[in-house]
Amino acid sequence: HVTGTLAGSATGITPSAPLLPVKIADKSGSAKVSDLTAAVDYLVGLANNTLPGKKIFLNFSYSTDPSDSPDSALQSFFEELFLRCDEVGMLFFSAAGNEAADLDRKYVYPARASARNALAIAATDTAGLLASFSNHSAYAVEVAAPGVAITTTDKSGSGYKTVNGTSFASPITTGVAAALWARRAELANWQVRNVLLNAVDTPLWMQSGGTALSIAAS
C-alpha cells in the first residue's frame, strides 16, 4: 500500500521514481531496531559504493506506540540513525502514528527525535483538516499531508484499495520532496527539507489539543 502511494503507475505521487524496498518487519508486521539498523547499514553502503551522488529518501511508515515517558535509548538510536543518513545525503521521512496522541505530551519515535534531514508527517482528511486518528504536535511533527481515503495498490481483488493512516501521508510527502529534488538537484538534503517546510500552506492552520500544524501542499 505504501509503495503504491509513492510510485504506483496509477496511484503514485511520483510514478517514475525508482524504488528499493528494504524489508525490516516479520510476517506479523513487527520491526526491531536491529533490523532497522541493518537496513540503514545496507542503504548507506549503497549510497557510498553503488549509488554515489544519487538522491535518496528513506520513507519509514512505522512508529512506536505512544508512551507517557521519554525513552532515551530510542531517542539516541534515531538521532544516530538520522546522522548516518545525513552523512550520505539521505532524507528520512516517517509517519507520525495513528493514536490521535498529542506528541507534546506523549512520546512516539522516531517523531520525537529530530534532525536537519528528517521529517515526521501527520495525516489530513479529505477536507484538509487534521485526521481524527493522526498523532500531532506543535513541534515534533513538522508537516501534514493527505492520509484519509487514499487509493493505492493492493495485492488482491481489483488490485486497488482505499486506506487511511499517517503511513500514507509520509510517502505522499516523500514524493512531493522527491519531485522537488529532481528539479533542483543542486540542493542539499537539508535544503530540500527546509524548502518543504517553508512551502506549506499558511495561514491555513489546524487546531487540535492546543497545538497547530500547517498543511503540506498536496
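Residues numbered from 1 in each chain as written. Predicted model: local features only at pLDDT ≥ 70, side-chain atom pairs only at ≥ 80, totals over all residues. Heavy atoms only, no water.

Caption draft 1: Representation of the packing of helix α2 (residues 33-50) against helix α3 (residues 72-87) in the model. Between α2 and α3, whose axes approach to 10 Å, the crossing angle comes to 10°. Viewed along their axes, α2 and α3 adopt a mutual orientation that is roughly parallel. Here Val-33, Leu-36, Thr-37, Val-40, Asp-41 and Val-44 of α2 lie close against α3, whose contacting residues are Leu-74, Phe-77, Phe-78, Leu-81, Arg-84 and Cys-85. Split by residue class, the contact of α2 with α3 holds nine nonpolar, one polar and two charged. (Axes fitted to C-alpha atoms, helices over the stretch in contact; angles between N-to-C directions. Helix = DSSP H or I, 4+ residues; strand = E, 2+ residues; numbered from the N terminus. Parallel < 35°, antiparallel > 145°, perpendicular 65-115°, else oblique. Contact = heavy atoms within 4.5 Å. Nonpolar A, V, L, I, M, F, W, Y, C, P; charged D, E, K, R; others polar.)

Caption draft 2: Just the side chain of Thr-166, in detail. Looking at where Thr-166 falls in the secondary structure, it is placed in helix α4 (residues 166-183). From its side chain, Thr-166 meets the backbone nitrogen of Gly-97 in a polar contact 3.0 Å long. (Polar contact = N/O pair within 3.5 Å; in protein donor to acceptor, adjacent residues only side chain to side chain.)

Caption draft 3: Quick peek at α2. Taking 1.5 Å as the rise per residue, α2 with 18 residues should run 26 Å; its terminal C-alpha atoms sit 25 Å apart, in good agreement. Among all positions of α2, only Leu-36, Ala-39, Val-40, Leu-43, Val-44, Leu-46 and Ala-47 are buried. Take α2 and look down its axis: the buried residues cluster within an arc of 155°, on one side only. Those residues of α2 that are exposed and aimed more than 90 degrees away from the buried face are Asn-49 and Thr-50. Those residues of α2 that are buried lie in contact with β1 (57-60) and α3. (Expected span 1.5 Å × (residues − 1). Buried < 20%, exposed > 50% of the residue type's maximum accessible area, 1.4 Å probe, protein only. Arc of directions from axis to C-beta.)

Caption draft 4: Looking closely at the pattern of salt bridges. Per the stated rule, a full pass over the model turns up six salt bridges. Of the charged contacts in the structure, one is a salt bridge between Arg-84 and Asp-41, with a shortest N-O distance of 2.5 Å. Taken as a pair, Arg-84 in helix α3 and Asp-41 in helix α2 lie far apart in primary sequence, 43 residues in all. You can call Asp-41 partly exposed: its relative accessible area is 38%. Lys-106 is the partner of Asp-68 in a salt bridge, and the nearest nitrogen-oxygen pair spans 2.3 Å. Here Lys-106 lies in the loop between β2 (91-95) and β3 (118-124) and Asp-68 lies in the loop between β1 and α3, a separation of 38 residues in the sequence. Note on Asp-68: relative accessible area 58%, which makes it exposed. Look at Lys-106 and you get partly exposed, because its relative accessible area is 29%. (Salt bridge = Lys/Arg side-chain N within 4 Å of Asp/Glu carboxyl O.)

Caption draft 5: Quick look at the environment of Val-88. Examined against the element boundaries, Val-88 turns out to sit in the loop between α3 and β2. Separated by 33 residues in sequence, Val-88 and Lys-55 place their C-alpha atoms 9.5 Å apart. Sequence-distant contacts of Val-88, that is, excluding residues within four places in its chain, are made with Val-44, Ala-47 and Asn-48.

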